[in-house]
Each structure stands twice: as structure tokens, then as C-alpha cells.
Amino acid sequence: MEKEQHRFSLETHLHVWRNGFSKTTLTKDDLDELTQHLSDHFEELVKGGEDEDEAWSTAVQTIGSHEVIHREFSKVWYSFLKNTVIFYILAFAPGAALLLLDRGNHSNWFLLAFGIYLFIYRTFVDFFRLRSKGIISKSDFWTLLLPGTRNRYFRGLYFS
Amino acid sequence: MNTEFSKDLIASVAAPLILSILNRQESYGYDIIKQVKEASGGKLEFSDGTLYPILRKLETKGLIKSEWRIAENEKRRRYYQITSKGELQFEQERSNWDFMYGLLNQLWKKNSIDLA
């Protein structure tokens, strides 16, 4: 029986490597960038004369393990708020839930909880959203408590 | 990462190195790593994948900005550029590192005179 020839598929290898991040908070852009990096390094090694399997192994080793990459990315934990859909859910779902639970009674507990949601919770969510997009710095946090400040950041907050 | 350099040292120079490269011209992740490797004669290497979280941190601080573009070889790449805030930070870092370098040099010279 003729021995089947081994064929290296970069796409398959990249796909499998990328799937290793399926349970992490890395965004699609992060994964696209890392995959492109891996592909660039692989191609350069192959051009330099390395065998494809060997080049892949070196490129994967050099980029670092999934665990290390995930750990380093998780230090920039609020970067997931760059995702507009996630931001909308985090920004509005608690408010909507409170309104549904109260059913128009406007009890004291509701007013207190809604106040906390509006003035404290939303300030933090908006702050981390703007930080994740590099629009404001850490020291600007308190300015978000001033009336009208958030209007200045309307586009940055609510659009991609 | 090269084992001759401590993790702490690499962590403290990573941001100034990236800002220095981007202060010369815009670049993308893989190219930044290559430039660091070449400039250090291959002695200093990041663990490639950890460069990107650092870029992300610099971006959230407003020191750099990024943009996805199609490169000349039809590849989709994320290019990084230094911002005006980043340029100021770069100047500050340069002055701090110059000072530290001068200080260490002064102390090393003093040590060698004492030993002689």
C-alpha cells in the first residue's frame, strides 16, 4: 500500500490553535492579531529554510502558551467592554431588571436601588467602557460624576 | 524571553521600548518584536504573545492608537501609532531612563575606584 504523503496545512493549524482560546475573554480582534502574528512568523521561518512542521512548532513556542497569553490579557480585564453589545447589556440590563421587578410601584427600595444603578454602577461601567477605548484616563473618573460630562463622550460610549 | 534578563526588568522596559519604536514610525506587533530583537542583537526577546496585552494597555492609556488596514501583501494587519500623549510620555521615559543610566554609571565608576 502506498504511504500517504503528509501535507501541512497552515490554515488547519491556525484554526486549531485559535480554538484553544474559545473559553477566554480575548476579542475577535485580539485573536485575529495573534493568528496573523503566528502566520507571519511561520512564513518567515519557512522562507528561511525550516521544515513546515518544525517552523510551526517554533512559531507556537515563541508566541507562548495559551495560559500565559490568556493570563496577560486578563490583566487588561475591562477590554471586553470595547464590545458594544456587551456594553449595552451591562449598561442597560440591570436598570431594565429593576424596573421589571418594581412593576411601577416606585417603592423606597426601588428608588434606592435605581439611584445606585444610575449614579454609581453606570458611572463605573461607562468609565471602564471609555477606558477600554482609550478615550479617558484613570484620573478622569471623577469628571464623569459631573452633570453633562457624559454627553461629551456620547459617541465613544454608545457607538463602536 | 531571554533568561539573562529578569521578568521585572523586561516588564519595566517593555512600554518605553514600544514607545521608542512607534515614535520613529507606525508599526504592527510582529514588526515591533523583530525590531526589538534586531536592535538588541537577539539578546532581548519578548514572549511574543505577551506583547499584545502591553499594546492594549498602552492603548487604553491613550498613549498609542491602532487601526486595522490591508497591507501591501493583502494581509489584514493592525497598525499602531503613537499619540501626542504618547510622545510626551516617551520624552518623560527617555529622561527618566537617561537619569537612571547616569546614576548607575556614576555608582559603578565609584565602585571600581573603591576597588582599585
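Everything below is about the structure printed above this text.
Residues numbered from 1 in each chain as written. Chains lettered and ligands numbered in written order. Predicted model: local features only at pLDDT ≥ 70, side-chain atom pairs only at ≥ 80, totals over all residues. Heavy atoms only, no water.

A. Structural context of the nonpolar core. Counting 38 residues, the largest nonpolar core has Trp 17, Leu 34, Trp 56 and Ile 69 of chain A together with Ile 18, Leu 51 and Leu 55 of chain B as its most contacted members. Taken together, the elements giving at least two residues each to this core come down to α1 (10–19), α2 (28–47), α3 (52–63) and α4 (66–74) of chain A together with α1 (7–24), α2 (29–39), α3 (51–60) and β3 (76–82) of chain B. Per element, the largest residue contribution to this core is six residues, and it comes from α1 of chain B. The residues touching Leu 55 of chain B, leaving out its near neighbours within four places in the chain, are Ile 18, Gly 29, Ile 32, Ile 64 and Tyr 80 of chain B. Core analysis: the next-biggest nonpolar cluster, separate from the first, contains 14 residues, Val 125, Phe 127, Leu 130 and Leu 144 of chain A among them. (Core = buried A, V, L, I, M, F, W, Y, C linked by side-chain atoms within 4.5 Å. Buried < 20%, exposed > 50% of the residue type's maximum accessible area, 1.4 Å probe, protein only. Helix = DSSP H or I, 4+ residues; strand = E, 2+ residues; numbered from the N terminus. Contact = heavy atoms within 4.5 Å.)

B. The arrangement of the pattern of salt bridges in detail. Enumeration over the complete set of coordinates arrives at 17 salt bridges over all chains. Arg 78 of chain B is the partner of Glu 33 of chain A in a salt bridge, and the nearest nitrogen-oxygen pair spans 3.5 Å. Placement of Glu 33 of chain A in helix α2 and of Arg 78 of chain B in strand β3 is noted, with the two residues assigned to different chains. With respect to burial, Glu 33 of chain A and Arg 78 of chain B carry one shared label: buried. Note that Arg 150 of chain A and Asp 126 of chain A form a salt bridge whose closest N and O atoms lie 2.9 Å from each other. Taken together, the residues Arg 150 of chain A in helix α7 (residues 149–152) and Asp 126 of chain A in helix α6 (residues 108–132) connect sequence positions 24 residues apart. Connected through salt bridges with shared partners, the residues Arg 18, Lys 28, Asp 29 and Asp 32 of chain A together with Arg 76 of chain B form a single ionic network. (Salt bridge = Lys/Arg side-chain N within 4 Å of Asp/Glu carboxyl O.)

C. Spotlight on the interface of chain B and chain A. Across the boundary between the two partners, chain B contributes 25 residues, which contact 28 residues of chain A. Between chain B and chain A lies a buried interface of about 2,300 Å² when both sides are counted; carbon and sulfur atoms form 50% of it. Counting across the interface, chain B meets chain A through nine salt bridges. A salt bridge links Arg 76 of chain B to Asp 32 of chain A, with the shortest nitrogen-to-oxygen separation between them at 3.1 Å. Scanning the region where chain B abuts chain A turns up 15 residue pairs in polar contact (both at pLDDT 80 or more). At the level of secondary structure, the elements contributing two or more residues to the side of chain B that touches chain A comprise α2, α3 and β3 of chain B. Ranked by the residues each element gives to the side of chain B that touches chain A, the list is headed by α3 of chain B, at six residues. Residues of the side of chain B that touches chain A, tallied by class, amount to seven nonpolar, six polar and 12 charged. (Buried area = accessible area lost by both parts, 1.4 Å probe. Polar contact = N/O pair within 3.5 Å; in protein donor to acceptor, adjacent residues only side chain to side chain. Nonpolar A, V, L, I, M, F, W, Y, C, P; charged D, E, K, R; others polar.)

D. Molecular detail of α3 of chain A. All names here are of chain A. Relative to the 16 Å expected for 12 residues at 1.5 Å per residue, α3 spans 16 Å between its end C-alpha atoms, a close match to the ideal helical length. For α3, the set of buried residues is Ala 55, Trp 56, Ala 59, Thr 62 and Ile 63. Mapping the buried residues of α3 onto a view down its axis gives an arc of 135 degrees, with all of them on the same face. Contacts from the buried residues of α3 go to α1, α2 and α4. (Expected span 1.5 Å × (residues − 1). Arc of directions from axis to C-beta.)

E. Looking closely at the sheet that holds β3 of chain B. The antiparallel open sheet is built from three strands, whose spatial order is β1-β3-β2 (chain B). Taken across any chain shown, the strands that pair with only one partner, and hence form the sheet edges, are β1 (27–28) and β2 (64–70) of chain B. One ladder, built from seven bridges, connects β2 of chain B with β3 of chain B; its direction is antiparallel. Note on β3 of chain B: the bridge partner recorded for Ser 66 of chain B is Tyr 80 of chain B. Running over the sheet, α2 of chain A touches β1, β2 and β3 of chain B and is turned about 105 degrees from β3 of chain B. Helix-sheet contacts for α3 of chain B involve β2 and β3 of chain B, and the interaxial angle to β3 of chain B is about 50 degrees. (Pairing = 2+ DSSP bridges. Axes fitted to C-alpha atoms, helices over the stretch in contact; angles between N-to-C directions.)

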